[in-house]
Amino acid sequence: MSFSNLGLSDKVLAAVAATGYTTPTPIQEQAIPHVLARRDVLGIAQTGTGKTAAFVLPMLTLLEKGRARARMPRTLILEPTRELAAQVKENFDKYGAGQKLNVALLIGGVSFGDQDSKLTRGVDVLIATPGRLLDHTERGGLLLTGVELLVIDEADRMLDMGFIPDIERICKLVPFTRQTLFFTATMPPEISRISETFLHNPERIEVSKPATTATGVSQFKVNGGREPHEKRELLRRLLRDAKDLNNAIIFCNRKREVAIVHKSLQKHGFSVGALHGDMDQSARTAALDQFRKGEIPLLVASDVAARGLDIPAVSHVFNFDVPHHADDYVHRIGRTGRAGRNGTAISIVTPLDSKSIAAIERLIGKTIPPAEGDYTVHSEQSEESEQPREHRAREGSREGSRGRRKRREREPRHAKEHARSPDHEPRHAKGGSRNGGSQAPAATARVPSIGRPEPRRAQRETESEPADHSHLPAFLLRPVRARV
Ligand code: AMP
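A brief structural summary. Because the structure is predicted, anything quoted here is derived from the model rather than measured. (Residues numbered from 1 in each chain as written. Predicted model: local features only at pLDDT ≥ 70, side-chain atom pairs only at ≥ 80, totals over all residues. Heavy atoms only, no water.)

Thoughts on the overall build of the protein chain
Convention followed: Numbered from the N terminus, helices here are DSSP runs of H or I no shorter than four residues, and strands are runs of E no shorter than two. Any two residues whose heavy atoms approach within 4.5 Å are treated as being in contact. Residue-level accessible areas treat just the shown protein chains as cover; the underlying method is Shrake-Rupley with a 1.4 Å probe.
Along the backbone of the protein chain there are 19 helices and 13 strands. Long-range contacts, defined as pairs at least 24 residues apart, comprise 76% of the intrachain contacts of the protein chain with a sequence gap of at least 6. Surface accessibility of the protein chain: about 21,300 Å² in total, with carbon and sulfur atoms responsible for 51%.

If you want it as structure tokens, here you go:
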């Protein structure tokens, strides 16, 4: 099957050819002819399946005829997050380069006035998050009565975020006769119900089972102990040990945790950005851009902020927290192993996560194996493990032999090795593979681009400032909970 058999216009086919894609993905192959035939579509597909182009390409073809009128958009696309909305706009920019279509983005965190003047000029494609869209309709600056085609994307995410009442209100503002395309990764009962009210005799297209994980992703779990600082230390060890780590997303369950983990990793010299719903739009966009360009290899994110983002070639996903909903696990690890690439997903599991991890394993139909290597967490370890190693090493030289012996007893083996070997020589035997089942543990060199090289950091500290914190009470050395 090639794109030319789907009924797309010549302009759109030329734009697709320019991107280098030669074969439509299953969702594209199945959805595009129905969209062009003006049918409603219920698409059950995860991100990473090419679902965005499955609606963008036929929309561009349909929009070649006709013109937009002021304040009356011809088509409307609803997205749960600003980032996803911006990403869909990028798709229109990419595939619609040869057409003179007006595409507008109505998202929070951007000036109302600019958005309003764009609406006045007439819009062919309006891409919006529900809240901001309703703000505009309530102010009277936007009429949805001219909408011929409505796309509801990531519907299950809309449900999680509490947007369904807004979507129901919006659906009452668009003509009953419009065409509707409805995409969701999973089909919980509530989504089933609303899809029945929003869609008329839809063509149902399901490209993979709603809750299957990508085959190219190697999944592991490690025991994370009970305390947050233990989990943070474990995360650092996992990052340092990770084989072939090119870039990674680290997922946390809560915004507050995102900020804490981000700060903690920064403090330990890692090059890292953060993405969560409380950050202002410019900070979110900047973090995402830097991550996409590879300027920062690590991104700490919440589910809401990272859902569905198209970040090609993420080599690793870390679940700092096991997600409460098993579906979220599937979405998270869907960030890696995309487009036939291999990826690794590692989850830090605490005793409190036993129910969640069991639900995940039931959903994906397999048991997640433990990561190879010694990731034992010693729960009696104190908060001082949060301090950069240099501090600990220095403190070690001041304490008496009894203190040193006590520390030796309670420090995990890796931490001791780190302290001895500041440049992190690979600790495991060479030639093994992390994913290789019974093989020896992998040779895992420190990835220099992920964190600033520590020897230099140590040198800088000794050169420029005394960095003697030994007189300070321990609580002053604890990581600061900074707002990102
Ligand atoms: P999506 O599921 O829309 O997030 O798309 C996932 C990724 O697949 C994006 O990076 C797209 O650019 C890419 N993609 C879309 N269509 C194709 C195709 N036909 N062949 C290869 N990659 C594609």
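Describing the pairing of strand β6 (residues 179-184)
Selection rule: Accessibility here uses a 1.4 Å probe with only protein chains present; expressed as a share of the type maximum, an area under 20% marks a residue as buried, one over 50% as exposed, and anything in between as partly exposed. In short, DSSP must find at least two bridges between two strands for them to pair.
By the criterion of burial, β6 is predominantly enclosed, with six of the six residues buried. Burial along β6 is two-sided: Gln179, Leu181 and Phe183 facing one way and Thr180, Phe182 and Thr184 facing the other are all buried. Taken together, the four bridges between strand β5 (residues 149-152) and β6 define a ladder with parallel strand orientation. Along β6, the bridge assignment pairs leucine 150 with threonine 180.

Considerations on the site of the ligand
Condition: Only a single heavy atom is needed: when it lies within 4 Å of a molecule or strand, its residue is near that molecule or strand. Here a polar contact is taken to be a pair of N or O atoms separated by no more than 3.5 Å, where protein atoms must pair a possible hydrogen donor with a possible acceptor and residues adjacent in sequence count only if both atoms sit in side chains. Residue classes follow a fixed rule: Ala, Val, Leu, Ile, Met, Phe, Trp, Tyr, Cys and Pro count as nonpolar, while Asp, Glu, Lys and Arg count as charged, and any other residue, Gly among them, counts as polar.
Lining the immediate surroundings of the ligand are 14 residues, of which Tyr21, Gln28, Gly48, Gly50 and Thr52 lie closest. The contact in question runs from an oxygen atom of the ligand to an N or O atom on the backbone of threonine 49, over 3.0 Å. Between threonine 52 and the ligand, the recorded distance is 2.6 Å, taken from a side-chain N or O atom to an oxygen atom. Computed on the free molecule, the ligand has an accessible area of 500 Å², of which 82% lies beneath the protein chains in the complex. A per-class count over the shell around the ligand returns three nonpolar, eight polar and three charged.

Looking at the sheet that holds strand β10 (residues 272-275)
The cut-off we apply is this: Note on definitions: angles span 0 to 180 degrees between N-to-C directions of axes, and those axes are lines fitted to C-alpha atoms, for helices only across the stretch in contact.
With parallel pairing, the six strands of this open sheet are ordered in space as β8-β13-β12-β9-β11-β10. Edge positions in the sheet fall to β8 (217-223) and β10, since each of these pairs with one other strand and no more. Across the sheet, the mean angle from the axis of one strand to that of its neighbour is 20°, orientation sign disregarded. Looking at chain direction, strand β9 (residues 248-252) and strand β11 (residues 298-302) are connected through five bridges and run parallel. Its bridge partner lying in β11, cysteine 252 is registered against serine 302.

Re the packing of aromatic side chains
Just so we agree on the cut-off: When two rings of Phe, Tyr or Trp (its six-membered ring) have centres within 6.5 Å they constitute a pair, described as stacked for plane angles under 30 degrees, edge-to-face for angles over 60, and tilted for the intermediate range. The criterion for a charge sitting over a ring is simple: Lys NZ or Arg CZ within 6 Å of the ring centre, and within 35 degrees of the ring normal.
One pass over the full model with this rule turns up two aromatic pairs. Summarising the aromatic geometry, the rings of phenylalanine 55 and phenylalanine 183 are spaced 5.3 Å apart at their centres and angled 40° between planes, so their arrangement reads as tilted. Here phenylalanine 55, found in helix α3 (residues 51-62), pairs with phenylalanine 183, found in strand β6; they are 128 residues apart in sequence, far enough to count as distant. The same class applies to phenylalanine 55 as to phenylalanine 183, namely buried. With 6.4 Å between their ring centres and 55° between their planes, phenylalanine 182 and phenylalanine 198 make a pair best called tilted. With a gap of 16 residues between them, phenylalanine 182 in strand β6 and phenylalanine 198 in helix α9 (residues 189-198) connect regions that are remote in the sequence. When the ring centre of phenylalanine 112 is taken as origin, the NZ or CZ atom of arginine 139, which lies over that ring, is 3.6 Å away. Between lysine 231 and the ring centre of phenylalanine 320, over which it is positioned, the NZ or CZ distance is 4.8 Å.

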